[in-house]
Amino acid sequence: MSDNAANNNNIIIMEKNQICKDAIVSELQKKKVHLFYCLECEELARNIAAESDHITLQSINWRSFADGFPNLFINNAHEIRGQHVAFLASFSSPAVIFEQISVIYLLPRLFVASFTLVLPFFPTGSFERMEEEGDVATAFTMARIVSNIPISRGGPTSVVIYDIHALQERFYFADQVLPLFETGIPLLTKRLQQLPETEKIIVAFPDDGAWKRFHKLLDQYPTVVCTKVREGDKRIVRLKEGNPAGCHVVIVDDLVQTGGTLIECQKVLAAHGAAKVSAYVTHGVFPNSSWERFTHKNNGVEEAFAYFWITDSCPQTVKSIGNKAPFEVLSLAGSIADALQI
């Protein structure tokens, strides 16, 4: 072997050794996080812990007194002193918010090194503005409640939220907390790359708000934009721009409630020649089991949506839907595990 070849081999070996050392140092520098969770989020919490050896699940005794008020106990409270602590919350209804807020307000006071609240779905986000005097913007109310979380030894609480309904809502939070706004869109783009004929995929936005919110995150795909116009007492969905003909069109929005807008968008896109239509929302709220109107029936009913992707930000919805077509759940577990290291 020539001297040059030997030197090249030595350089390659040294570079590989350095890469290994850097990986070890990076791993050692990761925080060890103690993750508490509400009952609704147990499955998601276990999936988050499975993503990282640096996340340890902790438990809370969720009990009630005879009068219905919470009787709560945080297990291993002494052991988390000086540790990084997080709480995975689900404010799925007003009935469960009080008990979780009670825990959230106490955890930073247990002399923890830092505290992070993971609230994947900010539930009052769509009630962010007043249209007339007397309207109550409950998004602001919820932000004030979260903003009053006590400061831990490590400083203000970090609050992790996914795809909040309106970006300006970040300014509703006071300086006592540090909101970290994440998105589920990378989960969608990864899933789309696994589909056949990716070159025929077009992203559709049901309104200008969704376009403003997401178009920069999906600029690798051609887009179609729909709009709502008022005709008499009705609001009609129209195609504003773009051509869906012959393509697999994926409607993207932050959340779905009854799903009426998505259904109207699908009809408009199909009428303009879309080969098939799918949908993605980060938050599948679906009150009153409204998801049922999207399921594929075995009685000859037309299957309007090829796929309907949601994340597990709303655990009760995930539990109800199961594996019913066209629904697929894209888990936030890996993304949350990464966010807990920030």
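Looking at an unreviewed UniProt entry, the protein chain carries the name ribose-phosphate diphosphokinase, with the source organism given as Raphanus sativus. Its UniProt record gives the protein chain the following Sequence similarities (unreviewed entry) comment, quoted word for word: "Belongs to the ribose-phosphate pyrophosphokinase family." Annotation of the protein chain in UniProt includes, under Catalytic activity (unreviewed entry), the sentence "D-ribose 5-phosphate + ATP = 5-phospho-alpha-D-ribose 1-diphosphate + AMP + H(+)".

Regarding its fold elements, the protein chain presents 9 helices and 15 strands. Its C-alpha atoms put the protein chain at 80 × 60 × 40 Å along the principal axes. Expressed as a percentage of the 342 residues in the protein chain, the buried residues total 44%. A separation threshold of at least 6 residues defines the contact pool for the protein chain, and within that pool the share at least 24 residues apart is 66%. A total of about 18,300 Å² of accessible surface is found on the protein chain, and carbon and sulfur atoms cover 51% of it.

Using the residue numbers shown here, the UniProt feature "domain: Ribose-phosphate pyrophosphokinase N-terminal" (unreviewed entry) corresponds to residues 35–146. For residues 35–146, the helix share is 28%, the strand share is 23%, and the end-to-end C-alpha distance is 18 Å.

This paragraph deals with a nonpolar patch on the surface. Residues F65, F69 and F98 make up a contiguous nonpolar surface patch of about 350 Å² in total accessible area. When you line up the elements, F65 lands in the loop between strand 3 (60–64) and strand 4 (70–74). Among the residues examined, F65 registers a relative accessible area of 48% and is labelled partly exposed.

Relative to the helices and strands, P206 resides in the loop between strand 9 (201–205) and helix 6 (208–214). Residues P206 and H54 lie 152 residues apart in sequence; the distance between their C-alpha atoms is 40 Å.

So, on to the sheet that holds strand 2 (residues 55–57). Across the sheet, which stays open at both edges, the 6 strands sit in the order 2-1-5-6-7-8 with parallel pairing between neighbours. The outermost strands of the open sheet, each flanked by one partner alone, are strand 2 and strand 8 (177–182). Each strand of the sheet is rotated relative to its neighbour by a mean of 25°, with strand direction disregarded. Pairing analysis gives 5 bridges linking strand 5 (residues 84–88) to strand 6 (residues 114–118), with the strands arranged parallel. Bridge pairing links A86 to T116 in strand 6.

Applying the stated rule across the entire model yields 13 aromatic pairs. Following the ring pairs from residue to residue traces out a cluster consisting of F286, F294, F305, F308 and F327. Here R191 stacks its cationic end above the ring of Y307, 5.6 Å away from the centre of that ring.

With that settled, consider the side chain of D254. Its place among the elements puts D254 in strand 12 (residues 248–256). Comment: no salt bridge for buried D254; closest opposite-charge side chain is R213, at 6.2 Å. Of the polar contacts made by the side chain of D254, one reaches the side chain of H165; its length is 2.7 Å. Setting aside residues no more than four positions away along its own chain, D254 makes contact with D163, H165, F214, V281, T282 and H283.

Turning our attention to the state of the cysteines. Taken as a whole, this structure holds 0 disulfides when the rule is applied. Considering cysteine sulfurs only, C38 is the nearest to C41, which forms no disulfide, with 3.6 Å between them. By relative accessible area, C41 is classed as buried at 1%. C226 takes part in no disulfide bond, and the closest cysteine sulfur, belonging to C265, lies 4.1 Å away.

Rules used in this analysis
- Residues numbered from 1 in each chain as written.
- Predicted model: local features only at pLDDT ≥ 70, side-chain atom pairs only at ≥ 80, totals over all residues.
- Heavy atoms only, no water.
- UniProt positions renumbered as here; feature names shortened; annotations may be inferred.
- Helix = DSSP H or I, 4+ residues; strand = E, 2+ residues; numbered from the N terminus.
- Buried < 20%, exposed > 50% of the residue type's maximum accessible area, 1.4 Å probe, protein only.
- Contact = heavy atoms within 4.5 Å.
- Areas by Shrake-Rupley, 256 points an atom, 1.4 Å probe, with all protein chains shown as cover.
- Patch = residues over 30% accessible without salt bridge, like charges linked within 9 Å, V, L, I, M, F, W, Y side chains within 5 Å.
- Salt bridge = Lys/Arg side-chain N within 4 Å of Asp/Glu carboxyl O.
- Pairing = 2+ DSSP bridges.
- Axes fitted to C-alpha atoms, helices over the stretch in contact; angles between N-to-C directions.
- Phe/Tyr/Trp six-rings, centres within 6.5 Å; stacked < 30°, edge-to-face > 60°.
- Lys NZ or Arg CZ within 6 Å of the ring centre and 35° of its normal.
- Lys, Arg positive; Asp, Glu negative; His and termini not counted.
- Polar contact = N/O pair within 3.5 Å; in protein donor to acceptor, adjacent residues only side chain to side chain.
- Disulfide = S-S within 2.5 Å.

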